[in-house]
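Architecture at a glance
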Amino acid sequence: MTSLPELSFADVVQPAWNVAPRVRALVTTRSGGVSGPPFGRWQDGADQPGGLNLGMKSGDDPAAVAANRARLLALAGVSEAAWLAQVHGAQILRAEDALRAAQTNGTPPEADASVTDRAGIACVVMVADCMPVLLCDEAGRAVGAAHAGWRGLAAGIVEQTASRVAALAGVEPSALHAYLGPCIGPESFEVGPDVRDAFMNAAQADERDATAAAFAAHPRNAGKYLADLPALARLRLRRLGVTRVVGGDMCTVNERERFYSYRRDRETGRMAALIWLDDQAQTLGD
């Protein structure tokens, strides 16, 4: 383990957004850790040791996952991260409450998003095709992370998390910034009519055309659709007036050398999306 290169910022993706330096955020890739195949880094057309798998329930060696998590927190410079037991729902917790529950029960609590206004605690969600959505106000008063697969997205996880972040920050939701992290792209996300129906039935009147446009008829599989998760997330954010949205242009399925993908590989690792407040920086206007 110790002979493998350390995790660096070259191994992660960072949002290109214009927010206070106090807001720190990143999404991991499959590189920079100690996991071996099939959870390794992809190099020279092969799965090799050095993978940064962060999923404890992925089938990987727990010691390797623990080492990977330690590497990640060391890179971020935080001592605590609110790991969650994600269930594809719309439950949102304060990050500090999630940490307290994990310490009390010995296992992470079930939820799919966390928010905080406290510095030094990372809100974190794990993904391997589902979309991570990171949220903050421009001044860096509060942050949040949501795990947005289609079920959570349809259930309102993104707009509910945005509302919670806005309330903590003391601003209107329309003042927030959002980052849509790497996820399964619209050329790869094959879904059935039940998924399309879930979004169409929940769409507001002025969203119906755009919602329908996010589901393209599959060119080869009759009755199936290709769904655009980032487009659907942007629609949900627009309900709250959140228009400063970046990201949503990296496909986990197509970029094998960079990302884990459950849809592509089935037996695979998990990436993590983190957002936190740096207590060494100042909010804008201070």
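Described in the following lines is the structure provided in the data block. Just so it is clear, the model here is predicted, and its values are computed rather than measured.

We now examine the packing of aromatic side chains. The tally for this structure, following the rule as stated, stands at 3 aromatic pairs. Ring centres 5.9 Å apart and planes at 45° place the aromatic pair F199 and F215 in the tilted group. Of this pair, F199 sits in helix α5 (residues 193–202) while F215 sits in strand β14 (residues 215–217), and the two are 16 residues apart along the sequence. One exposure class covers both F199 and F215, and it is buried. Considering the side-chain rings of F215 and Y225, the 6.5 Å spacing of their centres and the 90° angle between planes classify their relative orientation as edge-to-face. One end of the pair, F215, is in strand β14; the other, Y225, is in strand β15 (residues 225–227), with 10 residues separating them in the sequence. Ring pairing ties together the aromatic residues F199, F215 and Y225, which thus form one cluster. Geometry around W83 places R69 over its ring, the cationic atom sitting 3.8 Å from the centre. The aromatic ring of W42 is capped on one face by R256, whose charged end is 5.1 Å from the ring centroid.

Another aspect to go through is the side chain of E207. By the element assignment, E207 lies in the loop between α5 and α6 (208–213). With residues up to four places along the chain from it excluded, the contact list for E207 reads L235 and R239.

Residues M131, V133, L153, F215 and L237 are the most contacted members of the largest nonpolar core, which totals 36 residues. Listed by contribution, the elements that provide at least two residues to this core are β8 (113–116), β10 (131–137), β11 (143–148), α4 (157–169), β12 (176–180), α5 and α7 (229–239). For this core, the leading source of residues is α4, giving 6 residues. Not counting chain neighbours up to four residues away, the residues in contact with V133 comprise G144, A145, A146, A148, V158, Y179 and L180. With 31 residues, the next largest nonpolar core counts A25, V127, A145 and Y179 among its residues.

Space inside the largest pocket adds up to approximately 830 Å³. Together, 33 residues line the largest pocket, and Q86, H88, C130, H147 and R270 are the ones closest to its centre. When contributions to the lining of the largest pocket are tallied by element, the ones reaching two or more residues are β9 (121–127), α3 (150–155), β13 (190–191) and α8 (262–265). Residues that form the lining of the largest pocket fall into these classes: 16 nonpolar, 8 polar and 9 charged.

Here we take up the sheet that holds β15. As summarised here, the arrangement of the 3 strands in space is β13-β15-β14, forming an open sheet in which the pairing is antiparallel. Each edge of the open sheet is held by one strand with a lone partner, namely β13 and β14. Strands in contact with α5 are β13, β14 and β15; relative to β14, the strand with the most contacts, it is inclined by about 140°.

Attention shifts here to α5. What α5 keeps buried is the set V195, F199 and M200. Burial along α5 is one-sided: seen end-on, the buried residues are contained in an arc of 130°.

What follows covers the pattern of salt bridges. Considering all chains together, one arrives at 14 salt bridges under this definition. We note a salt bridge from R239 to E207, for which the minimum N-O separation is 2.8 Å. Separated by 32 residues along the polypeptide, R239 in helix α7 and E207 in the loop between α5 and α6 bring together distant segments of the chain.

Right, let's get into the pairing of β8. Residues A113 and V115 point to one face of β8 and S114 and T116 to the other, with burial holding for every one of them. The sheet contact formed by strand β7 (residues 92–94) and β8 spans 3 bridges and is parallel. Bridge pairing in β8 links I92 to A113. For the crossover that starts at β7, traverses helix α2 (residues 95–105) and ends in the parallel β8, the hand is right-handed.

Further remarks concern the pairing of strand β2 (residues 23–28). Taking burial as the measure, the 6 residues of β2 include 5 buried ones, the bulk of the element. For strand β1 (residues 12–13) and β2, the ladder comprises 2 bridges, and the chain directions are antiparallel. Its bridge partner lying in β2, V13 is registered against V27.

Calculation criteria
Residues numbered from 1 in each chain as written. Predicted model: local features only at pLDDT ≥ 70, side-chain atom pairs only at ≥ 80, totals over all residues. Heavy atoms only, no water. Phe/Tyr/Trp six-rings, centres within 6.5 Å; stacked < 30°, edge-to-face > 60°. Helix = DSSP H or I, 4+ residues; strand = E, 2+ residues; numbered from the N terminus. Buried < 20%, exposed > 50% of the residue type's maximum accessible area, 1.4 Å probe, protein only. Lys NZ or Arg CZ within 6 Å of the ring centre and 35° of its normal. Contact = heavy atoms within 4.5 Å. Core = buried A, V, L, I, M, F, W, Y, C linked by side-chain atoms within 4.5 Å. 1 Å grid on protein atoms, 1.4 Å probe; cavity = no way out; pocket = protein on both sides within 12 Å on 5 of 7 lines; lining within 4 Å. Points joined across faces, edges and corners; volume = space filled by probe spheres on them. Nonpolar A, V, L, I, M, F, W, Y, C, P; charged D, E, K, R; others polar. Pairing = 2+ DSSP bridges. Axes fitted to C-alpha atoms, helices over the stretch in contact; angles between N-to-C directions. Arc of directions from axis to C-beta. Salt bridge = Lys/Arg side-chain N within 4 Å of Asp/Glu carboxyl O. Right-handed = clockwise from strand over helix to strand, strands pointing away.

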